[in-house]
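# Descriptive structure summary
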Amino acid sequence: MLEPYVQINPPCVKKFLIFDIDHEIVSRWDNENVLTPNVIIRNKHNKKAHLIYQIDDVLMKSVNDDVIVREKPLNWLKAIYYGMCKQLGADKNVFNAITTKNPFFPGFDTEFLHSRVYTLTELANNCEPDLSVYSPKKFIDLDINNQSRVMTLFHKVRLEAYRDVERYRATGCLNEFHAHVLKLCQRENEFQGKGFKVDGNIDKAQISATAKSIAVWTWNYYRGHAKNRGVMNLDESLNKTEKHKAGALYTATQKSLKTAENLKQAYLKLSSRLQSKDRKPTQRELAEFTCYSISTIKRYWRELSLKRVTDNAASKKEKQVSLGVHKVSSSPIFNKPTAVFSYVAELNVFALNNDLKTKVLNHQNFLECTYRYNKNTGRTNEVGSLLNLQTTEKSLRRRLLKGWSEIDLTLSHGQMLGRILNKFSSPYAVEHKAAFNYFISELDTFFKDWSKLVSIDSKLIKKALVAAIHGASFRKLNEILLGKLKNLLSNLEFYEVYQAILYVRKNVNDLSKRIARMESSVFKPYWGCAVLIHDAVVVQQTDLVIEIQNWLDTNKLLYTTELY
């Protein structure tokens, strides 16, 4: 059966202009001063009609990040449409409508007049475009779409949310703001008998989704209708001359930084090309390669030369580093004495005799594990051992240390970051503390829900959060999460955890080193009593296992214990 209404415009492109005519004055469009519509669709009963004009495609939105939708053509199209609405006596509110009368529906009379495609210039020359669309409007008409209950609710509530968001930002609690917006949506959900196409209130799922959309966007991006003072955020008390001077200085600085960066990148590319000739680029070669003038190259040459000297020195130091120690993460500048301690592990002889990987031990039934702790980096590295148990596969460790218990911190980086966060006392940190501590207490549940939400392994999500703690960029996190970072950030809980990480990163210097030192300090009381494996220990004595577990419980640290 044919439907009375159909969608003729694709989701991202405007191909047809639809005009809703609620009167029977045919002369408004049937005269020489008005362009002839392509199609006229009339209702047989009340003579109301839709006029359809086919136009050159206009991009309304894009699903591809590389394609930019330009605002000027959209405003020009809207100005032309509103001008034609005045000329035809049509309803302006139909501009964003996605459906029109079905020309083949039995209840409509349809006239197909021609197949010409109009350009925007032709339409503009035959009407007076409504230039008021270019005027800034503080508030929009709440009846912009009287066929959509959800959009009407959205526009009503978002305006109230804009007025209230600063009050909740002062306490730093997104959860409370989200609850407030949800109450507003529930209060405004009164559409019964209001003349909408669907006569009834909106269901709970749509109410919840609308409230979340408003709350998260407003919290992240809305900054009021105050005058935009630009990226410099200049003080209003400055006079015009002072503002111009500050702006000129800022522009010159930014231009200089950009030029320096461009020359550095060009210098590296040109150096790689000349590497086979065993020489570095000259000033003239760099000028020809970049199209910058030779005088510009001379101004930045000293900076490029310093970078070249630094790179050479760094490469020489790197060649001098011993490769005998696994994961030497300390910088060459750390030359202070470090703590050294050992532990003798009694190994499973049967496993030794049957595994080729362990023949280097000459079938000994014990192994002395020697560790070096560097307090500057917080790293505890296993050195001088015949077999490095820290890097040995877990399956082999199980065989070698059969009957031992491994005590492993649960998301140790997260726990250490939570401990750092708990020391902040600012009002803005209150929300972050509560949200992040709850996340740590319910790790498995959160990772399971997030994994289900974006259909990726929870291990990748853990990896991404740890990378975020260590300062990974948005792009890097998105790569780890297979392009699903934006989807995860739409989840309120994940967004709160991510914001807590950013808050700590912003306020704590050398966060990675501090977390590493805190992780090492967890098992520090038992150095020399157990095998250390990064953020875990492997213990042989049952009483010592219980003692370590009690110590972790007392210090409110989450862990798992596995028997090999």
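Figured I'd write up the structure that's included with this text. Sequence order as written defines the numbering, with residues in each chain counted from 1. In keeping with the model being predicted, local features are shown solely for residues with a pLDDT of at least 70 and side-chain atom pairs are shown and tallied solely at 80 or more, while totals for entire chains, interfaces and linings include all residues. Only heavy atoms go into the side-chain values, all of them from the structure, while hydrogens and water stay out.

### Notes on the overall build of the protein chain
Looking only at helices and strands, one finds 19 helices and 13 strands in the protein chain. Considering the protein chain as a whole, with its 564 residues, one finds that 40% of them fall into the buried category. Put simply, 67% of the contacts in the protein chain that link residues at least 6 apart link residues at least 24 apart. Roughly 33500 Å² of accessible area belongs to the protein chain as shown, and the carbon and sulfur atoms make up 52% of that amount. Each helix is a run of H or I in the DSSP string that is no shorter than four residues. Each strand is a run of E no shorter than two, and both are numbered from the N terminus. Burial classes: relative accessible area under 20% of the type maximum marks a residue as buried, over 50% as exposed, and values in between as partly exposed (1.4 Å probe, protein chains only). It only takes one pair of heavy atoms within 4.5 Å for two residues to be counted as in contact. Note that accessible areas follow from Shrake-Rupley with a 1.4 Å probe, and for residues the cover is restricted to the protein chains shown.

### Topic: the pairing of strand β12 (residues 536-539)
Residues in a regular strand project their side chains so that they alternate between the two faces of the sheet. Burial of β12 is two-sided: the residues A536 and V538 facing one way and the residues V537 and V539 facing the other way are all buried. A pair of strands is treated as paired once DSSP finds two or more bridges between them. When strand β10 (residues 405-409) meets β12, the two strands line up antiparallel, connected through four bridges. In the strand pairing of β12, S405 is matched with V539. Note that strand β11 (residues 531-533) and β12 share three bridges and pair antiparallel. Among the inter-strand pairings, I533 is bridged to a residue of β12, identified as A536.

### A short note on the sheet that holds strand β13 (residues 559-563)
Taken together, the four strands give an open sheet; going across it, the order is β11-β12-β10-β13, and neighbouring strands pair in antiparallel fashion. Sheet topology places β11 and β13 at the edges, where each strand pairs with a single neighbour. Pairs of neighbouring strands in the sheet enclose a mean axial angle of 20 degrees, with direction left out of account. A fitted line through C-alpha atoms serves as each axis, taken over the contacting stretch for helices, and the angle formed by two N-to-C directions is quoted from 0 to 180°.

### As for the packing of helix α4 (residues 174-188) against helix α5 (residues 204-221)
Following both chains from N to C, one finds α4 and α5 inclined at 135 degrees, their axes separated by 9 Å at the closest point. Here α5 runs oblique to α4, going by the angle between their axes. Note on packing geometry: the crossing formed by α4 with α5 is right-handed. Packed against α4, whose contacting residues are L174, F177, H178, V181, L182, C185 and Q186, the element α5 presents I207, S208, T210, A211, K212, I214, A215, T218 and W219 at the interface. Across the contact of α4 with α5, the residue classes tally to 10 nonpolar, five polar and one charged. Roughly parallel means an angle under 35 degrees; roughly antiparallel, over 145; roughly perpendicular, 65 to 115; everything else is oblique. Here a crossing is taken to be left-handed if its near helix is turned anticlockwise relative to the far helix by less than a right angle, and right-handed if that turn runs clockwise. Amino acids outside the nonpolar list (Ala, Val, Leu, Ile, Met, Phe, Trp, Tyr, Cys, Pro) and the charged list (Asp, Glu, Lys, Arg) are all regarded as polar, and Gly is one of them.

### A closer look at the packing of helix α11 (residues 412-421) against helix α17 (residues 492-507)
Contact geometry of α11 with α17 gives a least axis separation of 10 Å together with a crossing angle of 65 degrees. Two packed elements cross with a definite hand, and for α11 against α17 that hand is left-handed. The segment α11 lies against α17, with L417, I420 and L421 engaging A500, I501, Y503 and V504. Broken down by class, the residue content of the contact of α11 with α17 amounts to seven nonpolar, no polar and no charged.

### Some words on helix α18 (residues 511-522)
In an α-helix, one full turn covers 3.6 residues, which means residues spaced three or four apart are oriented alike. In this analysis, the expected span of each helix is defined as 1.5 Å times one less than the number of residues it contains. Helix length check: α18 (12 residues) gives 17 Å between terminal C-alpha atoms against 16 Å at 1.5 Å per residue, within 8%. Among the residues of α18, those classed as buried are L511, I515, A516, M518, E519, S520 and V522.

### Some words on the pattern of salt bridges
Salt bridges are defined by distance alone: a side-chain nitrogen of Lys or Arg within 4 Å of a carboxyl oxygen of Asp or Glu. With the rule as written, the count across this model stands at seven salt bridges. With its nearest N and O atoms 2.8 Å apart, the salt bridge here joins D57 to K15. Taken as a pair, D57 in strand β4 (residues 49-59) and K15 in strand β2 (residues 13-21) lie far apart in primary sequence, 42 residues in all. With a relative accessible area of 28%, K15 lands in the partly exposed category. Measuring nitrogen to oxygen at the nearest pair gives 2.5 Å for the salt bridge that ties E160 to R187. Residue E160 is located in helix α3 (residues 149-169), and its partner R187 is located in helix α4; the two are separated by 27 residues in the primary sequence.

### A look at the packing of aromatic side chains
In summary, the pairing rule links any two rings of Phe, Tyr or Trp, Trp by its six-membered ring, whose centres are within 6.5 Å, and it sorts them by plane angle into stacked for under 30 degrees, edge-to-face for over 60 and tilted for everything else. Per the counting criterion, the structure on display carries 21 aromatic pairs. With a centroid separation of 5.6 Å and 85 degrees between ring planes, the pair formed by F19 and Y53 is classed as edge-to-face. In this pair, F19 sits in strand β2 while Y53 sits in strand β4, placing the two residues 34 residues apart along the sequence. In this pair, the class of F19 matches that of Y53, namely buried. The residue whose ring lies beneath K462 is F447, and the NZ or CZ to ring-centre distance is 5.2 Å. Lysine and arginine charges are scored as sitting over a ring when NZ or CZ, respectively, is within 6 Å of the ring centre and within 35 degrees of the ring normal.

### Some points on a nonpolar patch on the surface
A patch consists of residues whose relative accessible area exceeds 30% and which take part in no salt bridge; residues with like charges are grouped when within 9 Å of each other, and nonpolar side chains (Val, Leu, Ile, Met, Phe, Trp, Tyr) when within 5 Å. There is a patch of nonpolar side chains on the surface, built from L2, F104 and F112 and spanning about 350 Å² of accessible area. Following the sequence through the fold, F104 ends up in the loop between β5 (100-101) and β6 (108-112).

### Side note on the sheet that holds β2
Here four strands make up an open sheet; going across it, the order is β2-β4-β3-β6 and the pairing antiparallel. Every interior strand has two partners, whereas the edge strands, β2 and β6, have only one. The mean inter-strand angle of the sheet, taken between neighbouring strand axes irrespective of direction, is 25 degrees. For β2 and β4, the ladder comprises eight bridges, and the chain directions are antiparallel. Its bridge partner being in β4, F19 is matched across the sheet by L51. Packing against the sheet, helix α1 (residues 71-88) makes contact with β2 and β4, and its axis sits at approximately 20 degrees to β2.

### Let's talk about α4
If you check α4, its first and last C-alpha atoms are 21 Å apart, about what 15 residues at 1.5 Å a residue would give, namely 21 Å. Looking only at α4, the buried set comprises L174, F177, H178, H180, V181, L184 and C185. The buried residues of α4 occupy an angular sector of 160 degrees when projected down its axis, which confines them to one face. As used here, the arc belongs to the directions running from the helix axis to the C-beta atoms.

### Quick word on the environment of R397
Here R397 lies in helix α10 (residues 394-400). For R397, a relative accessible area of 7% puts it in the buried group. Note: C-alpha distance between R397 and V538 (141 residues apart in sequence) is 9.6 Å. Dropping the residues within four chain positions of it, R397 is found in contact with L389, Q390, T392, E406, I533 and Y564.

### Describing the pairing of strand β8 (residues 366-374)
With four bridges connecting them, β8 and strand β9 (residues 379-382) associate as antiparallel partners. Looking at the pairing, Y371 lines up with E382 of β9. Linking two consecutive strands that pair antiparallel, namely β8 and β9, is a turn of four residues; a positive phi of about 80 degrees is found at G378 within it.

### Some words on unusual backbone geometry
In this structure, L482 takes a positive phi of about 55 degrees despite not being glycine. Structurally, the position occupied by L482 is in the loop between α15 (474-480) and α16 (485-489). At D510, a position not held by glycine, the phi torsion is positive, near 50 degrees. In this structure, D510 sits in the loop between α17 and α18.

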